[in-house]
Every structure is written in structure tokens, then in C-alpha cells.
Amino acid sequence: MIQNLKNTIDFFIRNNTRFSRKNFVEKNEKLLHRNYLENLYTFDILDKCLKKTQQVNAAILDIGCKNWFYAKGEFYFFKSFCKDFELDGVEIDAHRLYSNFYSRYETAKFYIKNLKNTTYIAANLLDITKKYDYIIWFLPFVTKEPHRYWGLPDCLFMPEKLLSHAYNLLKANGQMLIINQGEKEALIQKQLLDKLNIKYEEKGIVKSGFLEYKNSRYAYLIKK
Ligand SMILES: C[S@@+](CC[C@H](N)C(=O)[O-])C[C@H]1O[C@@H](n2cnc3c(N)ncnc32)[C@H](O)[C@@H]1O
């Protein structure tokens, strides 16, 4: 209860003050190298899981993009087979500050710099109404503990409603890829999909030679 109260107050303050240093640039060579691998990992996972259907003017959404450190991986994956596309990333907690006093929003500006038609949207997924050909959702919160630990108020924990909304944003013939971490979360994800009667292809554990995460990652591919 105390944690929720703290999260609610902090979330309210950061969204109303929107305080941040400006013009973030990552200069640390080690972190840049790690980021390079994270983007290769992203490209590789998308390449392994999504069906590439040649498209003109595709609309793509990343849900819960945080500071969008992996935007380049997504961008260059879609660039490999889509002629012209719009890439949107939506993040509800965009104004959260890092210890260097840059917000996620400001940090994301660095990661999406020079990526054509790529937009970071500081908003709740539930406020998005545009329709998409592809939706990418890395690590959605399906249990309350990580959501709380992340610093979000309990009232924003609504995995079923968010999943239903995301599915409704998908165009006919669209594809949505959901990646969960750990077997427990993957199982809960599966139960949510079943409950909403959403058909999916279970990809099981997905791996990339570029990076290995502590918890195994599981993928579900939804085709409309
Ligand atoms: C576990 S993090 C994953 C971040 C990122 N996708 C990654 O792979 O590192 C989940 C993210 O979803 C965001 N989120 C949670 N609920 C959301 C909502 N309703 N709309 C948009 N973003 C949301 C959180 O703030 C958080 O940044």
C-alpha cells in the first residue's frame, strides 16, 4: 500500500513537472557497444519471429518503449522489407528521470535521432487510436510486482485491457509480436490471450547469438 502511494505521488509529480536535462548524448564506449548488441539482438529476434510481408506505407507500433534504446534494431529490420513506414513508440512513463537527470523522453531523442518517420509518443497505450500493420511488445507487465517495482501506480496495472486494446489497434492481416521474460510470465501471457480468445502462434523460447539475457524470453505471434 505504501509502495503504491509513493508510486502514485512520484508518477503524478514527474508527469506534471516534466523536469529533465536536455540534449542527451551517450559517450560511454562500453555502453555504446552494449547498445549496438541490443539493437542487433532486436533485429535478429524480429527477423526470427515475424513474417516479412512486403509493404508500402506500413505503420508500426512499439508498446512500452521505455527510452527506446532498441529503436534502431526495429527501424532497420522494417527498412529491410518495407517501402516507407512510420515507426511509433508509446511509453506511459516517459518523464521518469535517470540518475544523470535525463528523462526517458530526452534519452529516447538520442536513440531515434536520424531515424526517418520515427516518433516517441509519451502517452498511455489506451490513448492510441491509430491502426497498425505491426505491433511489437517487448516485456509487458503481466503481474503486479514488476509493475510496482518499476514505479507505476497500481491503477495503471490492467494487462487484459491493454492486450485487448493493442489487438484492436492491429489492422486486418497485421501481426503483433509479444515477448515475455521467464516461464511464469509467458504462461500468464498465454492465459490472457486465451481468455480474450486471441489466436496466436507459440514460438517458445527465442534466442539470439548477439546477446543472452538472464531470463529466457518467450514469444507469441498474433496474426489478424
Ligand atoms: C518491462 S518494461 C519494458 C521496456 C522495453 N520494452 C524493453 O524491452 O526494455 C515495460 C514498459 O511498459 C511501459 N508501460 C506500462 N504500461 C503502459 C501503458 N499503459 N502504455 C504505455 N506504456 C506502458 C512501462 O512504463 C515500461 O517502460
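Everything that follows concerns the structure shown earlier in this document.
Residues numbered from 1 in each chain as written. Predicted model: local features only at pLDDT ≥ 70, side-chain atom pairs only at ≥ 80, totals over all residues. Heavy atoms only, no water.

## A few points about the site of the ligand
Going by this rule: Proximity criterion: a residue is near a molecule or strand once any of its heavy atoms comes within 4 Å of it. Two N or O atoms count as a polar contact when they lie within 3.5 Å, although within protein this holds only if one can serve as hydrogen donor and the other as acceptor, and sequence-adjacent residues are included solely when both atoms are side-chain atoms. Accessible areas in this description were obtained via Shrake-Rupley with a 1.4 Å probe; residue shielding takes into account the shown protein chains only. Residue type decides the class: Asp, Glu, Lys and Arg count as charged, Ala, Val, Leu, Ile, Met, Phe, Trp, Tyr, Cys and Pro as nonpolar, and the leftover types, Gly among them, as polar.
Near the ligand lie 17 residues; those nearest to it are Gly64, Tyr70, Glu91, Asn124 and Leu125. Contact distances for the ligand include 2.8 Å between a nitrogen atom and a side-chain N or O atom of asparagine 124. Here an oxygen atom of the ligand sits 3.3 Å away from a polar atom, N or O, in the side chain of tryptophan 150. Look at the ligand: alone it shows 600 Å² of surface, and the protein chains cover 93% of it. Taken together, the residues of the shell around the ligand sort by class into 11 nonpolar, 2 polar and 4 charged.

## Considerations on the pattern of salt bridges
Convention followed: The term salt bridge refers to a side-chain nitrogen of Lys or Arg lying within 4 Å of a carboxyl oxygen of Asp or Glu. Where helices and strands are cited, they refer to DSSP runs of H or I of at least four residues and of E of at least two residues respectively, numbered from the N terminus. Throughout this description, buried means an accessible area under 20% of the type-specific maximum (1.4 Å probe, protein chains only), exposed means over 50%, and partly exposed covers the range between.
In the structure shown here, the tally under the stated rule is 18 salt bridges. We note a salt bridge from lysine 48 to aspartate 44, for which the minimum N-O separation is 3.1 Å. With lysine 48 and aspartate 44 both in helix 2 (residues 29-49), this residue pair falls 4 residues apart, about one helical turn. According to the relative accessible area criterion, lysine 48 is partly exposed, its value standing at 46%.

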